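# Survey of secondary and tertiary structure
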Amino acid sequence: ATGGYPKRVKVVEVGPRDGLQNEKNVVPTPVKINLINMLSETGLQVIEATSFVSPKWVPQMADHTEVMQGINKLPGISYPVLTPNLKGFQAAVAAGAKEVSIFGAASELFTKKNINCSIEESLERFDEVMKAAREASIPVRGYVSCVLGCPYEGKISAAKVAEVSKKMYSMGCYEISLGDTIGVGTPGSMKEMLTVVMKEVPVGALAVHCHDTYGQALANILVALQMGVSVVDASVAGLGGCPYAQGASGNVATEDLVYMLNGLGIHTGVDLQKLMDTGTFICNALNRRTNSKVSQASCRL
Amino acid sequence: MGTVPSALKHCLSYQHLLKEQLWIAEPPAAAHPAQEPQASGLPEYIKIVEVGPRDGLQNEKVIVPTDTKIELINQLSKTGLPAIEVTSFVSSKWVPQMADHKEVMRGIERHPGVQYPVLTPNLQGFHSAIAAGATEVSVFGAASESFSKMNINCSIEESIEKFEEVTKSARNMNIPVRGYVSCALGCPYEGHVVPDKVAEVSKRLYSMGCYEISLGDTIGVGTPGSMKKMLEAVMKEIPLSALAVHCHDTYGQALANILTAIQMGVAVVDSSVAGLGGCPYAKGATGNVATEDVIYMLNGLGINTGVNLYAVMEAGNFICTALNKKTNSKVAQASFSTGTI
């Protein structure tokens with residue numbers, strides 16, 4: 001039986017960071033800035049702007065300082081940035097960042113392959129960031145990767161996800177975004193995982209970050225909403241492929257998410273038409289077709 | 001998400017993950033129990049009605065030769081699918097892609113335990129279908145007057161009268177008839193469709209003898225919100241066990257809509273291998289939901305379908321190659337990319 005749904009959902013737009021980071025083509029700084037400025041006009045309240053990580057690792061985000069300084073920062077809109085370590089945090093704050101994000105994973109192997117240390121060690125590295133953020137009154141969002149499956153370990157236990165989430169929440173993250181990094185989750189595994197995590201972290205502090213690699217994202221998000229989650233990450237035009245399945249899609253498209261939420265009578269504050277226009281803009285700049293089905297279909301609207 | 005090393009192709013553990021951890025494998029021996037709800041409230045078994053060879057191919061730009069159609073259906077017959085919509089006995093003037101209906105019907109292998117329904121828009125089509133060996137037929141109504149008029153040039157009432165001739169003959173010959181209701185969640189001409197209208201048309205089709213009513217979101221505009229409202233209205237008139245949903249993925253909502261329907265107890269879902277069949281009302285947009293993606297979701301929910309997902313992906317690969325197009329199934333796309341297939 002379907003439960004009730006939240007009356008409002010906060011949509012966290014990750015296109016300019018998670019999206020562009022995982023696109024084949026790199027876009028110039030002015031295009032990124034324009035993208036973020038257009039997104040700022042759609043009613044979105046949170047737009048992940050960039051990542052203060054070394055360009056050696058993520059060349060697509062090399063212009064992080066210019067982007068951060070170049071965008072219009074509208075009142076009432078948050079522009080979080082990724083900060084993998086204290087150095088990145090300091091650079092972010094110097095560039096004007098008022099919110100940051102840190103990343104953990106529910107898989108030891110994934111953490112080892114990604115940043116060559118254990119989950120425990122990775123979270124210790126963030127202690128410094130948390131301390132500095134606390135002193136500067138900067139809110140920190142925590143991401144947990146591989147919550148419904150890992151490209152190296154395979155199945156991931158819900159208990160592990162809960163453990164890492166709880167740790168990051170206790171460290172001071174105001175919100176934990178649970179990421180189905182390779183999109184393998186289904187409503188079954190989403191429900192099971194959330195049931196366990198919600199015993200450790202209040203549902204009001206949870207978000208879901210679903211990938212649509214297996215077409216399951218909206219169904220997974222629906223189940224999360226039914227369980228009381230009211231923060232959902234998405235990427236305009238579904239930017240950002242999956243690095244583990246070449247040619248496959250990655251992030252769920254913000255347009256398709258908003259279409260579903262509108263149909264459920266859930267308030268997001270987002271203007272779907274302006275969002276679609278923004279998606280058209282960035283897809284032209286990237287010389288690619290949109291991954292949003294709503295956008296594809298809407299020549300009829 | 002985070003700092004990720006460059007693209008990992010052919011990660012062996014990932015393939016292992018998919019094959020062993022994520023149910024892309026032989027399903028457990030399929031007993032078909034009565035629709036007892038699981039602890040989760042979901043049906044234990046869901047019947048998948050495969051509409052690719054008819055609804056799918058009818059809405060593809062490229063027409064495939066008869067042999068290819070027959071080969072596709074034969075491959076689908078080996079996947080465990082319990083029902084495969086084969087063709088349409090409609091005038092080739094209207095639907096040239098289905099002109100070879102007799103040859104296809106006569107040419108396919110008929111596997112025991114598999115139903116092979118065909119569309120029959122009128123009595124003439126019905127007789128022709130029976131002569132060609134059909135043992136189950138389908139009729140199409142619509143919940144929108146404008147759609148009915150534009151599609152088959154008559155009112156809903158007039159179309160129902162034509163179908164009554166078919167169901168009457170079918171009853172005399174012990175041929176089961178499935179009823180479709182188009183535009184259940186929206187109409188390309190009228191826009192919003194009232195749930196009570198869907199219930200009314202469904203009830204007419206059910207009362208005239210259709211054993212099952214497939215509710216179609218013809219232009220894919222539905223969302224879990226409108227699906228719920230529509231089903232609540234229809235379920236007042238038709239028993240749950242006689243209901244099916246036929247969702248289009250034009251706006252990416254199909255799986256969420258199907259999930260909503262099965263949460264309400266619906267246990268029959270239509271889908272199309274490789275998501276064959278675009279939307280005739282939104283150029284370039286997708287249409288039918290992909291069977292592979294539906295099965296992936298149902299497997300993940302622990303719901304039995306009796307269908308082997310690998311085998312469906314292979315049939316999908318066959319027909320996409322023949323049509324010279326990319327699959328619309330995300331599961332197939334991802335599986336081919338990782339080298340799982």
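The name an unreviewed UniProt entry gives chain B is hydroxymethylglutaryl-CoA lyase, with Gymnorhina tibicen as the organism. Taken from UniProt, the Pathway (unreviewed entry) comment for chain B reads in full: "Metabolic intermediate metabolism; (S)-3-hydroxy-3-methylglutaryl-CoA degradation; acetoacetate from (S)-3-hydroxy-3-methylglutaryl-CoA: step 1/1."

Chain A goes by Hydroxymethylglutaryl-CoA lyase, mitochondrial in an unreviewed UniProt entry, where it is assigned to Falcunculus frontatus.

## Comments concerning the overall build of chain B
Looking only at helices and strands, chain B features 13 helices and eight strands. Taken over 341 residues, chain B has a buried fraction of 61%. Of the roughly 12700 Å² of accessible surface on chain B, a fraction of 52% belongs to carbon and sulfur atoms.

## Side note on the packing of helix 5 (residues 123–131) of chain B against helix 7 (residues 156–172) of chain B
Residues and elements named next belong to chain B. For the pair helix 5 and helix 7, interaxial distance at closest approach is 8 Å and the crossing angle is 30°. With respect to their mutual orientation, helix 5 and helix 7 come out roughly parallel. Residues L123, F126 and H127 of helix 5 form the contact with helix 7, whose participating residues are E165, V166, S169 and A170. Along the lines of polarity and charge, the residues of the contact of helix 5 with helix 7 split into four nonpolar, two polar and one charged.

## With respect to the packing of aromatic side chains
All names here are of chain A. What the rule picks out here adds up to six aromatic pairs over all chains. Here F110 and Y152 contribute two aromatic rings whose centre-to-centre distance is 6.2 Å and whose plane-to-plane angle is 50°, an arrangement assigned as tilted. Of this pair, F110 sits in helix 5 (residues 108–115) while Y152 is found in the loop between strand 6 (140–145) and helix 7 (158–171), placing the two residues 42 residues apart along the sequence. The residues F110 and Y152 share a single accessibility class, namely buried.

## Comments concerning the side chain of A:T111
Residue and element names in this part refer to chain A. Relative to the elements of secondary structure, T111 occurs in helix 5. Residue T111 is classed as buried on the basis of its relative accessible area, which comes to 3%. Not counting residues up to four positions away in its chain, the partners in contact with T111 are A105, N116, C117, S118, I119 and S122.

## A few points about the UniProt feature "domain: Pyruvate carboxyltransferase" (unreviewed entry) in chain A
Under the UniProt annotation, the feature "domain: Pyruvate carboxyltransferase" (unreviewed entry) is placed at residues 9–276 of chain A. The span residues 9–276 of chain A is 41% helix and 14% strand, and its two end C-alpha atoms sit 19 Å from each other.

## A look at the UniProt feature "domain: Pyruvate carboxyltransferase" (unreviewed entry) in chain B
According to UniProt, the feature "domain: Pyruvate carboxyltransferase" (unreviewed entry) maps to residues 46–313 of chain B in the numbering used here. Taken end to end, residues 46–313 of chain B comprises 41% helix and 13% strand; its first and last C-alpha atoms sit 19 Å apart.

## Some details on the sheet that holds strand 2 (residues 83–84) of chain B
Residue and element names in this part refer to chain B. The strand order across the open sheet formed by eight strands is 2-1-8-7-6-5-4-3, and the pairing between neighbours is parallel. The sheet terminates laterally at strand 2 and strand 3 (118–119), the two strands that pair on one side only. Pairing analysis gives two bridges linking strand 1 (residues 47–50) to strand 2, with the strands arranged parallel. Looking at the pairing, V49 lines up with A83 of strand 2.

## Structural notes on the interface of chain B and chain A
In this complex, chain B contributes 51 residues to the contact, which on the side of chain A involves 62 residues. Of the roughly 4600 Å² buried between chain B and chain A on both sides combined, carbon and sulfur atoms contribute 60%. Of the charged contacts, one joins B:D249 and A:K293 as a salt bridge, the two residues approaching to 2.5 Å between their closest N and O atoms. At the surface where chain B touches chain A, the tally comes to ten residue pairs in polar contact (both at pLDDT 80 or more). Within the residue set of the side of chain B that touches chain A, elements represented by two or more residues are helix 1 (12–21), helix 9 (224–234), helix 10 (254–263), helix 11 (291–300) and helix 13 (330–337) of chain B. Ranked by residue count, the leading element in the side of chain B that touches chain A is helix 13 of chain B, at six residues. In terms of residue class, the side of chain B that touches chain A is built from 25 nonpolar, 20 polar and six charged.

## Points about helix 11 (residues 272–286) of chain A
Residue and element names in this part refer to chain A. For helix 11, which comprises 15 residues, the first-to-last C-alpha distance of 21 Å matches the rise-based estimate of 21 Å (1.5 Å per residue) to within 8%. Every buried residue belonging to helix 11 is among L272, L275, M276, T278, G279, I282, C283 and L286, and all of these are buried. End-on view of helix 11: buried residues confined to an arc of 160°, all on one side of the axis. Turning to helix 11, the residues buried within the fold contact helix 1 (15–21), helix 2 (29–40), helix 10 (254–263) and helix 12 (293–297). The opening residue of helix 11, the one whose side-chain oxygen lies 3.0 Å from the backbone nitrogen of Q273, is D271. At the exit of helix 11 stands N287, carrying a positive phi of roughly 55°.

## A few points about the environment of A:V140
Take A:V140: it is sitting in strand 6. Among all residues touching A:V140, those that are not within four sequence positions of it are A:V100, A:I102, A:M130, A:A133, A:G172, A:C173, A:Y174 and A:E175.

## Notes on unusual backbone geometry
All names here are of chain A. Not every positive phi belongs to a glycine, and S137 is a case in point at roughly 55°. Relative to the helices and strands, S137 resides in the loop between helix 6 (119–135) and strand 6. Backbone geometry at N287 places phi at a positive 55°, although glycine is not the residue there. Checked against the element boundaries, N287 lands in the loop between helix 11 and helix 12.

## Points about the environment of A:T50
Residues and elements named next belong to chain A. Here T50 lies in strand 3 (residues 50–51). Each C-alpha atom of the pair T50 and M61 lies 6.4 Å from the other, and the pair is eleven residues apart in sequence. If we skip the residues at most four places from it in the chain, T50 touches R17, M61, H64, P80, V81 and L82.

Conventions adopted
- Residues numbered from 1 in each chain as written.
- Chains lettered and ligands numbered in written order.
- Predicted model: local features only at pLDDT ≥ 70, side-chain atom pairs only at ≥ 80, totals over all residues.
- Heavy atoms only, no water.
- UniProt positions renumbered as here; feature names shortened; annotations may be inferred.
- Helix = DSSP H or I, 4+ residues; strand = E, 2+ residues; numbered from the N terminus.
- Buried < 20%, exposed > 50% of the residue type's maximum accessible area, 1.4 Å probe, protein only.
- Areas by Shrake-Rupley, 256 points an atom, 1.4 Å probe, with all protein chains shown as cover.
- Axes fitted to C-alpha atoms, helices over the stretch in contact; angles between N-to-C directions.
- Parallel < 35°, antiparallel > 145°, perpendicular 65-115°, else oblique.
- Contact = heavy atoms within 4.5 Å.
- Nonpolar A, V, L, I, M, F, W, Y, C, P; charged D, E, K, R; others polar.
- Phe/Tyr/Trp six-rings, centres within 6.5 Å; stacked < 30°, edge-to-face > 60°.
- Pairing = 2+ DSSP bridges.
- Buried area = accessible area lost by both parts, 1.4 Å probe.
- Salt bridge = Lys/Arg side-chain N within 4 Å of Asp/Glu carboxyl O.
- Polar contact = N/O pair within 3.5 Å; in protein donor to acceptor, adjacent residues only side chain to side chain.
- Expected span 1.5 Å × (residues − 1).
- Arc of directions from axis to C-beta.

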